[in-house]
Amino acid sequence: MKSKVSYKEVLPLPIVGEFNNFKLFNKFSDFISYLINDYNADDYILGRGTNTLPIKREIKRKVIKVKEEIIKIKGDELFVSGNTLISKIHNKIKGLKAGNFIGVNTIPGSIGAAIRGNATYKNYDAYKGLERIIVFDQGKFSKIDTKNIKRSYRSTNIKGIVIFAIYKLVYNYDERLEKDL
């Protein structure tokens, strides 16, 4: 783990500068251990979409990035880590003819951010088949059933970090629809 790292090494953007207090976790389990033992609410978790734009207040904080993405399929259930790219999940399940992420797969970001921020594209969102999420907030993990998530335009009542999302696969993948979108 490096404490100083250039933006070029960890961001998908062509910008110059560096983070002075940076932690990269290669394994998701190491990140979970960090949350349990050392996480500070001021730490900034670097995502995969628009939150990668370095803003001065984030640069001064400890910046954390998790490399490993988890996608597990067991029967009709899909388990994904919150840091996993939406497009990566979509590409994995469309071979199973599951269409949970058609439309929303065009959003460049992670599933956790899309769920928390109620990201949508042409009336498609990250909630299709979503059963529950695991969040980390104020030092503890909790499970939230989808029916208990209140959503409005680009907003939800979710507090904390979306660690995992559990989906029921929806077998309605349509290649023509995907091409149209």
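The structure presented is a predicted model; accordingly, all values stated were derived computationally and were not measured.

K.L.:
Whenever I open this one, the overall build of the chain confuses me. Can you help?
P.N.:
For the chain, the helix and strand inventory stands at six helices and 14 strands. For the chain, whose C-alpha radius of gyration is 17 Å, the value lies close to the compact-globule estimate of 16 Å for 181 residues. Reported as C-alpha extents along the three principal axes, the dimensions of the chain are approximately 45 × 35 × 30 Å. With 181 residues in all, the chain has 41% of them scored as buried. Considering only residue pairs separated by 6 or more positions, the chain has 58% of its internal contacts joining residues 24 or more positions apart. For the chain, the separation between the mean place of its 33 positive charges and that of its 19 negative charges on side chains is 2 Å.

K.L.:
Any chance you could explain the packing of aromatic side chains here in plain terms?
P.N.:
Two aromatic rings are characterised by how far apart their centres lie and by the angle between their planes. As enumerated under the stated definition, the model contains nine aromatic pairs in all. Ring geometry for Phe 25 and Phe 31: centres 6.1 Å apart, planes at 55 degrees, overall tilted. There is no split in this pair, since Phe 25 and Phe 31 are both buried. Grouped by ring-pair contacts, the aromatic residues Phe 25, Phe 28, Phe 31, Tyr 34 and Phe 164 constitute a single cluster. A cation over an aromatic ring shows up here: Arg 151 above the ring of Tyr 127, its NZ or CZ 3.8 Å from the ring centre.

K.L.:
It is not clear to me how the side chain of Thr 156 should be interpreted in this structure. Could you clarify?
P.N.:
Structurally, the position occupied by Thr 156 is in strand β13 (residues 155-156). The buried category is assigned to Thr 156, whose relative accessible area is 14%. Engagement of the side chain of Thr 156 in a polar contact is seen with the backbone nitrogen of Ile 158, the distance being 3.3 Å. Residues in contact with Thr 156, not counting those within four places in the same chain, are Ile 115, Arg 116, Asn 118, Tyr 127, Ile 149, Lys 150 and Arg 151.

K.L.:
Can you walk me through the pattern of salt bridges in this structure?
P.N.:
Pairing is possible between side chains of opposite charge, provided their charged atoms come close. Tallied over the entire structure, the rule returns eight salt bridges. Note that Lys 4 is salt-bridged to Glu 18, the shortest N-O span being 3.7 Å. Highlighted residues: Lys 4 in the segment before β1 (5-6) and Glu 18 in strand β2 (residues 18-19), separated in sequence by 14 residues. For Arg 151, the salt bridge identified is with Asp 125, shortest N-O distance 2.9 Å. Highlighted residues: Arg 151 in strand β12 (residues 151-152) and Asp 125 in strand β9 (residues 124-125), separated in sequence by 26 residues. Judged by relative accessible area, which is 17%, Asp 125 ranks as buried. One network of salt bridges, in which partners are shared, links Glu 77, Glu 131 and Arg 132.

K.L.:
Explain the sheet that holds strand β5 (residues 63-66) to me, please; I cannot follow it from the model alone.
P.N.:
Strands belonging to one sheet form pairs held by backbone hydrogen bonds; the direction of such a pair is parallel or antiparallel. In spatial order, the strands read β3-β5-β4; together these three strands make up an open sheet with parallel pairing. The open sheet terminates on both sides in strands that have one partner only, identified here as β3 (22-25) and β4 (44-45). Judged from the two bridges that link them, β4 and β5 form a sheet pairing that is parallel. Looking at the pairing, Ile 45 lines up with Ile 64 of β5.

K.L.:
Before we go on, may I ask you to explain the environment of Tyr 34 in this structure?
P.N.:
In this structure, Tyr 34 sits in helix α2 (residues 28-37). The buried category is assigned to Tyr 34, whose relative accessible area is 4%. Taking the C-alpha atoms as reference points, Tyr 34 and Ile 166, separated by 132 residues in sequence, lie 22 Å from one another. In this structure, Tyr 34 is in contact with Lys 23, Phe 25, Tyr 39, Asp 43, Lys 62 and Ile 64, ignoring residues within four places of it in sequence.

Reading guide: rules and limits
Residues numbered from 1 in each chain as written. Predicted model: local features only at pLDDT ≥ 70, side-chain atom pairs only at ≥ 80, totals over all residues. Heavy atoms only, no water. Helix = DSSP H or I, 4+ residues; strand = E, 2+ residues; numbered from the N terminus. Rg over C-alpha atoms; globule rule 2.2 N^0.38 Å. Buried < 20%, exposed > 50% of the residue type's maximum accessible area, 1.4 Å probe, protein only. Contact = heavy atoms within 4.5 Å. Lys, Arg positive; Asp, Glu negative; His and termini not counted. Charge placed at Lys NZ, Arg CZ, Asp CG, Glu CD. Phe/Tyr/Trp six-rings, centres within 6.5 Å; stacked < 30°, edge-to-face > 60°. Lys NZ or Arg CZ within 6 Å of the ring centre and 35° of its normal. Polar contact = N/O pair within 3.5 Å; in protein donor to acceptor, adjacent residues only side chain to side chain. Salt bridge = Lys/Arg side-chain N within 4 Å of Asp/Glu carboxyl O. Pairing = 2+ DSSP bridges.

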